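Structural characterization, general
These are the residues of each chain, in order.
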Amino acid sequence: MTETPSGSTGEGVIGDSRSPKARAADARYAGTAMRRYSQLGATSNSPWLRGEKSILEYLGPANPAHPPLGANVQQHGWGGGLGWDRLRTPEAMAAPIRFRSRARKASHILDFHRPDLFGTLILVSDRAAALLREFDAEAMDTYPVEITLATGEVLPQGSYHLFDVTRDIPAVDLAASGWRWEPGWKGGPLVLIRPRPTNPDEPNIPIYILRDEALPESVHLFRDRRFFRGGPIWVSEAVREAMIARGIYGADFHWGDGYWHTLTLRPARFQGRM
């Protein structure tokens, strides 16, 4: 399937927001890690279905050894860069992690999906997981889940997986990006805080400035877990281009930093059918 920029013709479409400010940032950071990596996100719905409710719903822990899989999933020792090893105990493996879908066909569920709008959890299809393993298998962890369609059909376990990036690289230049360590809530552990500029004339500094020396070309997936909930997932330009070329849908990319460019990979023929 051919992928083309938004606004042009073709069977596939990628939403691509470009502004003079984005182009200037591209030129300023050309050839650096800021252009070689994107923040990776996932859709919280599907262009096949109408409505605001997520296409996938977690049915709740099948046994006490399963996580709550919500916005605070990292606090319970899995996801957010910590991987899924705690699900590989005999107790946890006694029952599958179950999701229910409003979709009537497996093809209506995109390759990347976020069941919780504000959480860290990402589900990926088996073909998306296979592509990511081709590039950087040691940097990631997956765990198979069970999905029941609206028809009652149960997809084979392993058709979709919980996804996490476990490689931790302190690649963000905290000082240059304006972050500082401060005591947590009620004197808790130190947390990273980024104060908002008080002077409107202050330059618009990127939220995350990546250090080139921390990121060799062999790195395709990583997090900087010093940040809340494990920080963003970062993917290389090579991974992003491979996902575009192979028609992997549901992923969102923020170019290099916050909001220079935004790409959303969706099937063109279902644009606007949320």
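Residues numbered from 1 in each chain as written. Predicted model: local features only at pLDDT ≥ 70, side-chain atom pairs only at ≥ 80, totals over all residues. Heavy atoms only, no water.

**A few points about the overall build of the protein chain**
From N to C terminus, the protein chain includes five helices and 15 strands. Per-residue burial over the protein chain gives 51% buried out of 274 residues. Sequence-distant contacts in the protein chain: of pairs separated by 6 or more residues, those separated by 24 or more amount to 68%. Just so you have it, the protein chain exposes about 13,500 Å², and 53% of that area is on carbon and sulfur atoms. (Helix = DSSP H or I, 4+ residues; strand = E, 2+ residues; numbered from the N terminus. Buried < 20%, exposed > 50% of the residue type's maximum accessible area, 1.4 Å probe, protein only. Contact = heavy atoms within 4.5 Å. Areas by Shrake-Rupley, 256 points an atom, 1.4 Å probe, with all protein chains shown as cover.)

**Details of the packing of aromatic side chains**
One pass over the full model with this rule turns up eight aromatic pairs. Arranged with centres 5.4 Å apart and planes meeting at 85°, the rings of Tyr37 and Phe222 form a pair that is edge-to-face. Of this pair, Tyr37 sits in strand β3 (residues 37-42) while Phe222 sits in strand β12 (residues 221-222), and the two are 185 residues apart along the sequence. Through a chain of ring-to-ring contacts, the aromatic side chains of Tyr37, Trp179, Tyr208, Phe222, Phe227 and Trp234 assemble into a single cluster. (Phe/Tyr/Trp six-rings, centres within 6.5 Å; stacked < 30°, edge-to-face > 60°.)

**Describing helix α5 (residues 237-245)**
Among the residues of α5, those classed as buried are Val239, Arg240, Ala242, Met243 and Ile244. Note on α5: the residue one or two positions beyond its end, Gly247, has a positive phi of about 70°.

**A closer look at helix α3 (residues 126-136)**
Of all the positions in α3, only Ala128, Ala129, Leu131, Leu132 and Asp136 are classed as buried. Buried positions in α3, seen along its axis, are confined to an arc of 160° and lie on one side of it. Check the buried side of α3 and you find it contacts β6 (112-113), β7 (122-125), β8 (140-148), β9 (160-165), β12 and α5. (Arc of directions from axis to C-beta.)

**Re the environment of Ile109**
Within the secondary structure layout, Ile109 lies in the loop between β5 (98-101) and β6. On a C-alpha basis, the gap between Ile109 and Gly250 in space is 8.8 Å, while along the polypeptide they are 141 residues apart. Discounting residues that sit within four places of it in the chain, Ile109 has contacts with Ile55, Leu56, Ser101, Ala103, Ile147, Leu149 and Tyr160.

**Quick notes on the side chain of Ser38**
Counting through the fold element by element, Ser38 comes out in strand β3. Among the residues examined, Ser38 registers a relative accessible area of 0% and is labelled buried. Side chain to side chain, Ser38 and Arg240 meet in a polar contact 2.5 Å long. (Polar contact = N/O pair within 3.5 Å; in protein donor to acceptor, adjacent residues only side chain to side chain.)

**Digging into the sheet that holds β9**
Each strand in a sheet pairs with another by means of backbone hydrogen bonds, the pair being arranged parallel or else antiparallel. Pairing is mixed in the open sheet, where six strands are placed in the order β4-β5-β8-β9-β7-β6. This sheet does not close on itself; its edge strands, each paired only once, are β4 (56-58) and β6. Pairing analysis gives six bridges linking β8 to β9, with the strands arranged antiparallel. By the bridge assignment for β9, Tyr143 is matched with Leu162. Packing against the sheet, α3 makes contact with β6, β7, β8 and β9, and its axis sits at approximately 95° to β7. (Pairing = 2+ DSSP bridges. Axes fitted to C-alpha atoms, helices over the stretch in contact; angles between N-to-C directions.)

**So, the side chain of Asp136**
Positionally, Asp136 belongs in helix α3. Beyond its immediate sequence surroundings of up to four residues, Asp136 is in contact with Arg167, Ser218, Val219, His220 and Leu221.

**What about the pairing of β9?**
Counting buried residues in β9 gives six out of six residues, a clear majority hidden from the surface. The alternating pattern of β9 places Tyr160, Leu162 and Asp164 on one face and His161, Phe163 and Val165 on the opposite face, and all of these are buried. Sheet analysis places β7 next to β9, joined by four bridges and oriented antiparallel. Within β9, the position partnered with Val124 by the bridge is His161.

**Details of the confidence of the model for the protein chain**
For residues with low pLDDT, the predicted coordinates do not support detailed interpretation. Looking at the protein chain as a whole, the pLDDT averages 78, with 73% of positions reaching at least 70. Every residue in residues 269-274 is under pLDDT 50, and counting partners more than four places away or in other chains gives 18 contacts. (pLDDT = per-residue confidence, 0-100.)

**Comments concerning the pattern of salt bridges**
Taken as a whole and assessed by the stated rule, the structure comprises 14 salt bridges. Notably, a salt bridge pairs Asp111 with Arg127, separated by 3.0 Å at the nearest N-O pair. With Asp111 in the loop between β5 and β6 and Arg127 in helix α3, this pair connects stretches of sequence that are 16 residues apart. Relative accessible area serves as the criterion here: at 7%, Asp111 is assigned to the buried category. Across the pair Arg246 and Glu134 runs a salt bridge, and its minimum N-O distance is 2.9 Å. Separated by 112 residues along the polypeptide, Arg246 in the loop between α5 and β14 (251-255) and Glu134 in helix α3 bring together distant segments of the chain. Overall, the relative accessible area of 42% leaves Arg246 in the partly exposed class. Salt bridges sharing partners connect three or more residues here, namely Asp85, Arg88 and Asp141. (Salt bridge = Lys/Arg side-chain N within 4 Å of Asp/Glu carboxyl O.)

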